[in-house]
Amino acid sequence: MKRRSFIKAGELGLSLALFSRPAEGATFFLKHYLSRPPKETPFYTPNQDFYIVNYARPPELKAEGWSLRIAGNVKRPLELSYTDILARPPIERVVTLECIDNEVSGDLISNALWKGVSLRRLLEEAGPGPTAQDVVMYAADDYSESITLDRAMNYEAFLAYQMNGETLPKVHGFPLRAVAPGLYGIKNVKWLSRIELVDYDYKGYWQQRGWTDDGQIKVTSWIDAPGAYNTINTNTYTIRGMAFSGGTGIGEVSVSTDGGRSWEKAEIETVPSLSCWVPWRFEWRVPSLSQSVEIKARATDKIGRTQSPLLAGAFPDGTSGLHSVVAFTESRP
Ligand SMILES: Nc1nc2c(c(=O)[nH]1)N[C@H]1C(S)=C(S)[C@@H](COP(=O)(O)O)O[C@H]1N2
Ligand SMILES: [Mo]
């Protein structure tokens, strides 16, 4: 990576020298060296392409001999084998996972159809004590995280053993992982070994280091096409991308082709759940002018939260900002 950009910097000097006007030289450089093809984001991410974030080596677990304990402040502690889990009524949901480290338009986000058992159902079997506050999830790699009992009961959280119709792959948490719609990846604990209900606000590994306890996903959207510094010389062009809100569904996406001065509504696709990303598109009538344009996207969810334009890094509660892509249009006869 570093070496590539070093060579490019050298090429920049060369190509700039070929032009009398520096601005023209810069445009030439952007078009020819930094242009990136449009991105294809398939609605369902194939398992082999699904992003992975592991803090340790994935533990080698066998379904045989593995069990999940549900204990702590519950009336009837449970110990469930893999076959016990599979014997419970299954649920299937389309949920997009996003890492809290994902940059706006980054790659640490993927979408799958998951199959598993409702966490609410299992907790009801165990019977939460009246003073229980947090549901702590412990994993075989020594990771642990918590969600509130309210989150566990009322936001369709589940424990998944299948991903896109296949047995949950080892790197994604085999035999069983949590899927917590609306909450960043950190709360979606893989390789589950034990669930404990506690009467206090449990601070997991990241909370002890100042990261968000709540973990609610921020509204985001990004542009897949055009790619950076593409040249567009057709009369119309389909600007497209994706939007995601966590668990609240996308209500609206707007697009600007003038750097954010004016906005127009994009078309959004109908998707199978409120907890997955949403493809959008905008048919742009391309001006017949030789110019650079800055394209931006902005999403609003179904409960009226709008994507924040403020640039934020991942710490402490997730990135924000508007994705922007610079492209070049050309005058046409
Ligand atoms: N046990 C365990 N669970 C974990 C992690 C981990 O390292 N260990 N990483 C978390 C993080 S930061 C993210 S973003 C998601 C990633 O899930 P994936 O690798 O299946 O995409 O898992 C979460 N659950
Ligand atoms: Mo993450």
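As the structure is a computational prediction, the values presented were derived from the model and not from experiment.

Draft legend 1. Here's a closer look at the overall build of the protein. The helix and strand tally for the protein stands at five helices and 19 strands. Each principal axis of the C-alpha atoms in the protein carries an extent, and together these give about 80 × 40 × 35 Å. Total accessible area computed for the protein in this model is approximately 16,300 Å², and 52% of it derives from carbon and sulfur atoms. Across the protein, 37 positive and 38 negative side-chain charges occur, with their mean positions spaced 3 Å apart.

Draft legend 2. Structural detail: the site of ligand 1. In the vicinity of ligand 1 there are 18 residues, among which Tyr-51, Asp-141, His-172, Arg-177 and Lys-190 approach most closely. At a separation of 3.0 Å, a nitrogen atom of ligand 1 approaches a polar backbone atom of Val-53. Between an oxygen atom of ligand 1 and a side-chain N or O atom of His-172, the distance comes to 2.7 Å. In isolation ligand 1 offers 530 Å² of accessible surface; the protein chains occlude 100% of this area.

Draft legend 3. Region of the structure containing the packing of aromatic side chains. In this structure the tally under the stated criterion is 14 aromatic pairs. A ring pair is formed by Tyr-55 and Tyr-143, whose centres lie 5.7 Å apart and whose planes are at 25°; its orientation type is stacked. Remark: Tyr-143 occurs in the loop between strand S5 (134-139) and strand S6 (144-148) and Tyr-55 occurs in the loop between helix H2 (22-34) and strand S1 (67-72); sequence separation between them is 88 residues. An aromatic cluster is present here, built from Tyr-55, Tyr-143, Tyr-205, Trp-206, Trp-211 and Phe-315 joined pairwise through their rings. Taking NZ or CZ as reference, Arg-151 lies 3.9 Å from the ring centre of Tyr-155, over its face. Over the face of the ring belonging to Trp-263 we find Arg-298, whose NZ or CZ atom lies 4.1 Å from the ring centre.

Draft legend 4. Representation of the layout of surface pockets. As a volume, the largest pocket reaches approximately 280 Å³. Considering the residues around the largest pocket, the lining is formed by 19 residues, among which Tyr-155, Pro-181, Gly-247, Thr-248 and Ser-275 are closest to the centre. The set of elements that each furnish at least two residues to the lining of the largest pocket consists of strand S3 (91-98) and helix H5 (149-154). When residues of the lining of the largest pocket are assigned to their parent elements, the largest contribution, three residues, is made by S3. Taken together, the residues of the lining of the largest pocket sort by class into five nonpolar, nine polar and five charged. In this structure, the lining of the largest pocket is formed jointly by two domains, domain 1 (22-42 + 218-329) and domain 2 (52-209), each of which donates at least three residues.

Draft legend 5. Spatial organisation of the sheet that holds strand S17 (residues 278-285). Across the sheet, which stays open at both edges, the four strands sit in the order S11-S13-S17-S16 with antiparallel pairing between neighbours. Whereas interior strands pair on both sides, the edge strands pair on one side only; in this sheet they are strand S11 (220-225) and strand S16 (267-268). As judged from the five bridges shared by S11 and strand S13 (residues 236-244), these two strands associate in the antiparallel manner. By the bridge assignment for S13, Ala-225 is matched with Arg-240.

Draft legend 6. Broad picture of unusual backbone geometry. Omega for the peptide link from Phe-174 to Pro-175 comes to 10°, which places this bond in the cis form. Secondary-structure assignment places Pro-175 in the loop between strand S8 (166-167) and strand S9 (177-179). With an omega of 0°, the peptide bond running from Phe-315 to Pro-316 counts as cis. Here Pro-316 lies in the loop between strand S18 (291-301) and strand S19 (324-329). Here the phi dihedral of Trp-191 falls at roughly 50°; this positive angle occurs in a residue that is not glycine. The exposure class assigned to Trp-191 is buried, which follows from its relative accessible area of 2%.

What counts as what
- Residues numbered from 1 in each chain as written.
- Chains lettered and ligands numbered in written order.
- Predicted model: local features only at pLDDT ≥ 70, side-chain atom pairs only at ≥ 80, totals over all residues.
- Heavy atoms only, no water.
- Helix = DSSP H or I, 4+ residues; strand = E, 2+ residues; numbered from the N terminus.
- Areas by Shrake-Rupley, 256 points an atom, 1.4 Å probe, with all protein chains shown as cover.
- Lys, Arg positive; Asp, Glu negative; His and termini not counted.
- Charge placed at Lys NZ, Arg CZ, Asp CG, Glu CD.
- Near = heavy atom within 4 Å.
- Polar contact = N/O pair within 3.5 Å; in protein donor to acceptor, adjacent residues only side chain to side chain.
- Phe/Tyr/Trp six-rings, centres within 6.5 Å; stacked < 30°, edge-to-face > 60°.
- Lys NZ or Arg CZ within 6 Å of the ring centre and 35° of its normal.
- 1 Å grid on protein atoms, 1.4 Å probe; cavity = no way out; pocket = protein on both sides within 12 Å on 5 of 7 lines; lining within 4 Å.
- Points joined across faces, edges and corners; volume = space filled by probe spheres on them.
- Nonpolar A, V, L, I, M, F, W, Y, C, P; charged D, E, K, R; others polar.
- Domains from an automatic or database assignment.
- Pairing = 2+ DSSP bridges.
- Buried < 20%, exposed > 50% of the residue type's maximum accessible area, 1.4 Å probe, protein only.

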